[in-house]
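Topology and contacts: notes
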Number of protein chains: 2
Amino acid sequence: MGPARYPQHHHRYGGRLLIIGFGSIGQGVLPLLLRHIEMPPEQLLVLSRRGDPSGIARAHGVVAEAVELTPANLRQELQRRIGASDFVLNLSVNVSSLALIALCRELGALYLDTCVEPWDGGYTDTRLQVAGRTNYAFREQALALRAPGNEGPTALLAHGANPGMVSYLVKQALIDLARDVGAPVAAPTRRDGWAALAEGLGVRVIHIAERDWQVAAPGQPPRRPGEFLNTWSVEGFVDEACHQPAELGWGTHEREWPADARRHDSGCQAAIYLNRPGAATRVRSWTPLAGPQQAFLVTHAESISIADHLTLGDAAAPRYRPTVHYAYRPCDDAVLSLADAAAREWRLGEGERVLKDEIEPAGRDELGVLLMGHAKGAYWLGSRLSTADARALCPHNSATSLQVTAAVMAGVVWAMRHPAAGIVEADDLPFAQMLDLMQPYLGDLVGAYSDWTPLVGRAWLFDEELDREDPWQFRNFRVA
Amino acid sequence: MGPARYPQHHHRYGGRLLIIGFGSIGQGVLPLLLRHIEMPPEQLLVLSRRGDPSGIARAHGVVAEAVELTPANLRQELQRRIGASDFVLNLSVNVSSLALIALCRELGALYLDTCVEPWDGGYTDTRLQVAGRTNYAFREQALALRAPGNEGPTALLAHGANPGMVSYLVKQALIDLARDVGAPVAAPTRRDGWAALAEGLGVRVIHIAERDWQVAAPGQPPRRPGEFLNTWSVEGFVDEACHQPAELGWGTHEREWPADARRHDSGCQAAIYLNRPGAATRVRSWTPLAGPQQAFLVTHAESISIADHLTLGDAAAPRYRPTVHYAYRPCDDAVLSLADAAAREWRLGEGERVLKDEIEPAGRDELGVLLMGHAKGAYWLGSRLSTADARALCPHNSATSLQVTAAVMAGVVWAMRHPAAGIVEADDLPFAQMLDLMQPYLGDLVGAYSDWTPLVGRAWLFDEELDREDPWQFRNFRVA
């Protein structure tokens, strides 16, 4: 398992590449970019709030400038540094994706982010209605920048592990399923083809089902009470889990409208939100190593884009759509950190820390898609990667970060190869080719069937209001 | 802080003392009993399922026999070993308190337990209605063994830290409160006097508010996934938290009936239950070191007995009663263990372990009562004890166990001094004298006021249905 396995360069690039933000993902992706894209390090530039305190940019020959981008300075700071055919890789929190995309389109620059982010404070801007703080709203706003018939420079939205890679895993899982039920198909080439395949297979629910097993190694400082620990950006996680509402793609098989659910007034209608944060919304889910687990229904762009792409028929009254959402069981330290944050009504407390170098090498991250309701019950397809393997595959990475950085690298390569594709999402890209690019970094790609349903083992001690006729109803998944 | 502080012997005892069960509490109380009760170790006998694998009984010159008590052998095993004026100290799980009490009354033996327990499987006996598995039901059954006018040998029910000690803390807190609002009172001598004092002070809600800060020391084996860790009996905790319903004393100020609440058909009517386990029922609470915290509403005998004793007026339509319940934030490892148990729908998984010798010495347990709704807002009074101090005070103890074993020792002393008091609870005993007996082992006895209410910091990001007119409504405490 060494660098020899990868073709050294997927692409040769002559422009400048500006990395905005240099947290765990920025640090982890830099060696991957330099490994797989032929470009001198002097053509890369890092802009981040705190510069390069880890020294990782400098060690790779890349200049990092300590610049905090704001609505007031964004245009000036970007215009000084990039122009047509350059690349803006946005790995920050607190810098508006919309503002960056608009500016990149104006300047003719390519763009990629791992999450469509608002400006600092956007997730807790209480002047907005709750609907205005959803990923649904941010996605609609980004897609509205499209100019039909005039694609413009490629802007690849929300292209990390999830959102991002998991959209490809859903397509691969549909192909696997078709094969395993004895009705193999060629990969559809159009959006409707994928939706029809999912409908034909009877897929009712798709979880992005993740279990992060990573813990700090013995001898590392334990979590202090009130401290927020996570295996990736604390700020990013707290915003999506604690400050944004829970969101899910809403399937056509659902018979009961949740009391706290809300629809959107406009847009694709593929998703709804609940009037509560994801960290307060638990669901039953499943991964191969965990078996049954309770996870948090944290809002994520893929819940919306996958549901949207798998919709058949009219948006307002579709014929078919699966329920799609993220079911995330973060690492133990993050679970305890969330409990502390809940006690403070979702305000951050006393310090935060991203676990990376501290992680015990055997710690794994299981990140996959769980397709349910079809003839074979439940099928999980995903990446199972240990931190030891992640470190061997690429320095400055943990299991969690490498799943993201591999997808970022693949997305950058695709965008460079297709520089005039306009505003696109993972769901618009060729899944097999994209998976090929990232697969060397995903550890074991595991496919596993299960006869688990959210009704298994329920209600032996207390009555529960269950829908026993259809195990795959959202009511049955949700932890009341 | 050494043994010199304690009067060596509180009582001289000539009978036999049979300890049933020898887990963390049995092991921890043995040195306390031998320190404070003048009796030769040969007069003590331990009966437990697994004998004395730790060697702690043998080290104290006490014989331990490996005997599993069952409905079939109970009478024979007890009759062989005890008679009139002997003492049965029941520290087991899975042996029926009711059967033991009845037999002790027949044999003329004294009795004490820390929890009114059913036979093995009683908490998960699904032939019973949920109401039949409540602590309310078990308490009513035990109290029904009373023979008015013919007290019989003393049987002290549910006398550990909580239930037990906390009933005394409530009384001390009421005295403190009266003093601090400028209306000092002498300690009431009758039950109605205490209830009138609580009513006069405006106490609406009482939490038994605990935060267990203990963690395993560095270098100790970490929790394996699925393993259940706790600082006291795993089996005892899982039964009360996961298998029994959540129960609470139901106050007269409550304006809204919870949708999942149920009343009992008979008995004192002081408490209700929710149709769900306590481990699935979170409430907002407060301790001095934690500040605001989310805790589990775990059923406990004191929620019922304290509410019952503080009731004024007719049981069915009382004039005054506070809402009383346990709000328990167990140690971090137990919180994660509960999450695993939830995923298995409350079935125990792969192994269990009681943390005692592994605990990091600075780890503390904060156990107190939180009286709310009065003129000064909220008042917490309780024990704050570190494991280092607990170990210095008495071998074979952690902070958690010593709070229990000190109360057990005090209860045994009181029962020996008052051998014909019949079936009694902590609420029936003289609080000041009882606190004096246990206080040397409680670490810092801390009294702290707070302006915290469950409305503090709420609903800044999402609407919540709150009762803003009365912060002390159960609706406001409960985590939806």
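Okay, so let's go over this structure. Predicted model, so just to flag it, every value in this text is computed and none were measured.

The next point concerns the interface of chain A and chain B. Between chain A and chain B, the residue contacts involve 39 residues of the former and 39 residues of the latter. Of the roughly 3,100 Å² buried between chain A and chain B on both sides combined, carbon and sulfur atoms contribute 56%. Here chain A is connected to chain B by eight salt bridges. Where arginine 223 of chain A meets aspartate 332 of chain B, a salt bridge forms, and the shortest distance between an N and an O atom there is 3.7 Å.

Our next topic: the sheet that holds strand S5 (residues 63-66) of chain B. Residue and element names in this part refer to chain B. Spatial strand order, S5-S4-S2-S6-S7-S8-S22: seven strands in an open sheet with parallel pairing. The open sheet is flanked by S5 and strand S22 (423-425), the only strands paired with a single partner. Taken over all neighbouring pairs, the strand axes of this sheet differ in orientation by 20° on average, direction set aside. In this structure, strand S8 (residues 155-157) lies alongside S22, joined through three bridges in parallel fashion. Considered in S22, the bridge of alanine 155 is made with isoleucine 423.

Let's shift gears to the pairing of strand S18 (residues 323-329) of chain A. Residue and element names in this part refer to chain A. Burial within S18 is extensive, with seven of its seven residues counted as buried. The two faces of S18 match: Thr323, His325, Ala327 and Arg329 on one face and Val324, Tyr326 and Tyr328 on the other face are all buried. Where strand S9 (residues 205-212) and S18 come together, seven bridges link them in parallel fashion. Residue arginine 211 lies in a different strand from S18, and its bridge partner there is arginine 329.

Bringing unusual backbone geometry into the picture now. A cis geometry characterises the amide bond from asparagine 162 of chain A onward to proline 163 of chain A, with omega recorded as -5°. If you trace the backbone, proline 163 of chain A turns up in the loop between strand S8 (155-157) and helix H6 (165-180). Residue histidine 396 of chain B is not a glycine yet carries a positive backbone phi of 60°. On the secondary structure map, histidine 396 of chain B appears in the loop between helix H11 (387-393) and helix H12 (399-417). Phi is positive for alanine 459 of chain B, close to 55°, though the residue is something other than glycine. Positionally, alanine 459 of chain B belongs in the loop between strand S23 (444-450) and helix H14 (474-477). For alanine 459 of chain B, a relative accessible area of 27% corresponds to the partly exposed category.

Moving on: the environment of glutamine 433 of chain B. All names here are of chain B. Here glutamine 433 shows up in helix H13 (residues 431-438). Sequence-wise, glutamine 433 and tyrosine 136 are 297 residues apart; in three dimensions their C-alpha atoms are separated by 27 Å. In this structure glutamine 433 touches Trp414, Arg417 and His418, once residues within four positions along its chain are discounted.

Here the focus is H12 of chain B. Helix length check: H12 of chain B (19 residues) gives 27 Å between terminal C-alpha atoms against 27 Å at 1.5 Å per residue, within 8%. In terms of burial, H12 of chain B is a largely internal element, 18 of the 19 residues being buried.

This part covers the pairing of S9 of chain A. Residues and elements named next belong to chain A. Of all eight residues that make up S9, eight are buried, and the element is covered over most of its length. Across the two faces of S9 the burial is the same, with Val205, His207, Ala209 and Arg211 and Ile206, Ile208, Glu210 and Asp212 all buried. When S9 meets strand S20 (residues 364-374), the two strands line up antiparallel, connected through eight bridges. Pairing of arginine 211 across the sheet is with glutamate 366, part of S20.

It is worth spelling out the pattern of salt bridges at this point. The full count for this structure, using the stated rule, is 65 salt bridges over all chains. Salt-bridge contacts for glutamate 256 of chain B lead to arginine 475 of chain B; the nearest nitrogen and oxygen are separated by 2.8 Å. Separated by 219 residues along the polypeptide, glutamate 256 of chain B in the loop between strand S11 (245-249) and strand S12 (261-262) and arginine 475 of chain B in helix H14 bring together distant segments of the chain. Salt-bridge contacts for arginine 344 of chain B lead to glutamate 350 of chain B; the nearest nitrogen and oxygen are separated by 3.8 Å. Residue classification places arginine 344 of chain B among the partly exposed positions, given a relative accessible area of 21%. By relative accessible area, which is 46% here, glutamate 350 of chain B ends up partly exposed. A network of salt bridges, in which partner residues are shared, links Arg211, Arg329 and Asp332 of chain A together with Arg223 and Asp340 of chain B.

Our next topic: the nonpolar core. Residues Phe87, Leu89 and Val412 of chain A together with Phe87, Leu89 and Val412 of chain B are the most contacted members of the largest nonpolar core, which totals 210 residues. Apart from residues no more than four positions distant in its own chain, leucine 89 of chain A is found in contact with Leu17, Leu18, Ile19, Ile20, Val29, Leu33, Leu112, Val408 and Val412 of chain A.

What follows is about the environment of methionine 438 of chain A. All names here are of chain A. Assignment of secondary structure puts methionine 438 in helix H13 (residues 431-438). For the pair methionine 438 and methionine 409, spaced 29 residues apart in sequence, the C-alpha to C-alpha distance is 7.7 Å. Leaving out residues up to four positions away in the same chain, methionine 438 has contacts with His159, Met165, Tyr168, Ala406, Ala407 and Ala410.

So, about the packing of aromatic side chains. Applying the stated criterion to the full structure yields 22 aromatic pairs over all chains. Measuring from ring centre to ring centre gives 5.8 Å for tyrosine 123 of chain B and phenylalanine 138 of chain B, while their planes differ by 75°; the resulting arrangement is edge-to-face. Taken together, the residues span a long stretch of sequence, with tyrosine 123 of chain B in the loop between strand S7 (110-113) and helix H5 (135-143) and phenylalanine 138 of chain B in helix H5 at a distance of 15 residues. The same class applies to tyrosine 123 of chain B as to phenylalanine 138 of chain B, namely buried. By way of ring pairs, the aromatic residues Phe228, Trp232, Phe237, Tyr326 and Tyr328 of chain A are connected into one cluster.

These two copies of the chain differ by a rotation about an axis and a displacement along the same axis. Overlaying chain A with chain B gives an RMSD of 0.0 Å, the required rotation being 180° about an axis along which the chain moves by 0.0 Å. Accordingly, the operation relating the two chain copies is best matched by a two-fold axis.

So, about the sheet that holds strand S4 (residues 44-48) of chain A. Residues and elements named next belong to chain A. Taken in spatial order, the seven strands make up an open sheet running S5-S4-S2-S6-S7-S8-S22, and their pairing is parallel. Each end of this open sheet is capped by a strand with a single partner; those strands are strand S5 (63-66) and strand S22 (423-425). Between one strand axis and the next, the sheet turns through 20° on average, direction left out of account. Lying over the sheet, helix H5 (residues 135-143) contacts S8 and S22, oriented at roughly 140° with respect to S22.

So, about the packing of helix H10 (residues 332-343) of chain A against helix H10 (residues 332-343) of chain B. For the pair H10 of chain A and H10 of chain B, interaxial distance at closest approach is 11 Å and the crossing angle is 100°. Judged by the inter-axis angle, H10 of chain A sits roughly perpendicular to H10 of chain B. Contacts between H10 of chain A and H10 of chain B involve Asp332, Val335 and Leu336 of chain A from the former and Asp332, Val335 and Leu336 of chain B from the latter. Broken down by class, the residue content of the contact of H10 of chain A with H10 of chain B amounts to four nonpolar, no polar and two charged.

A few words on helix H1 (residues 24-36) of chain A. All names here are of chain A. Helix length check: H1 (13 residues) gives 19 Å between terminal C-alpha atoms against 18 Å at 1.5 Å per residue, within 8%. Leucine 30 marks the point of greatest bend in H1, at about 25°, and the proline proline 31 comes within the next four residues. With respect to burial, H1 is a largely interior element, 13 of its 13 residues being buried.

About the cut-offs
All residue numbers here refer to positions counted from 1 along the written sequence of the relevant chain. Working convention: letters from A go to chains and numbers from 1 go to ligands, in the order in which they are written. Thresholds applied to this predicted model are a pLDDT of at least 70 for local features of residues and 80 or more for the giving and counting of side-chain atom pairs; totals over whole chains, interfaces and linings are not thresholded and use all residues. As a convention, hydrogens and water are excluded, and side-chain values are obtained from all of the structure's heavy atoms. Note on contacts: a residue pair qualifies if any of its non-hydrogen atoms lie within 4.5 Å across the two residues. Accessible area, probed at 1.4 Å, shrinks when two parts are joined; the buried area is that loss added up over both. Here, a salt bridge means any Lys or Arg side-chain nitrogen found within 4 Å of an Asp or Glu carboxyl oxygen. Whether two strands pair comes down to DSSP finding at least two bridges between them. The helix count covers DSSP runs of H or I at least four residues long, the strand count covers runs of E at least two residues long, and both are numbered beginning at the N terminus. In this analysis, axes come from line fits to C-alpha atoms, helices being fitted only over the stretch in contact, and the angle between any two N-to-C directions falls in the range 0 to 180 degrees. Here the term buried applies to any residue with accessible area under 20% of the maximum for its type, exposed to any over 50%, and partly exposed to those in between, with areas from a 1.4 Å probe on protein chains only. To estimate how far a helix should extend, the number of its residues minus one is multiplied by 1.5 Å. Definition used in this section: a nonpolar core is a set of buried Ala, Val, Leu, Ile, Met, Phe, Trp, Tyr and Cys residues joined via side-chain atoms within 4.5 Å. The pairing test for Phe, Tyr and Trp rings, Trp by its six-membered ring, is centres within 6.5 Å, and the orientation test on the planes gives stacked under 30 degrees, edge-to-face over 60, and tilted for anything in between. Least squares is the method for superposing the copies, and the C-alpha atoms it fits come from residues with pLDDT of at least 70 in both. An angle below 35 degrees is treated as roughly parallel, one above 145 as roughly antiparallel, one from 65 to 115 as roughly perpendicular, and anything else as oblique. Think of it as three bins: nonpolar holds Ala, Val, Leu, Ile, Met, Phe, Trp, Tyr, Cys and Pro, charged holds Asp, Glu, Lys and Arg, and polar takes everything else, Gly as well. The angle separating two fitted axes, one through the seven residues that finish at a residue and one through the seven that start at it, defines the bend at that residue.

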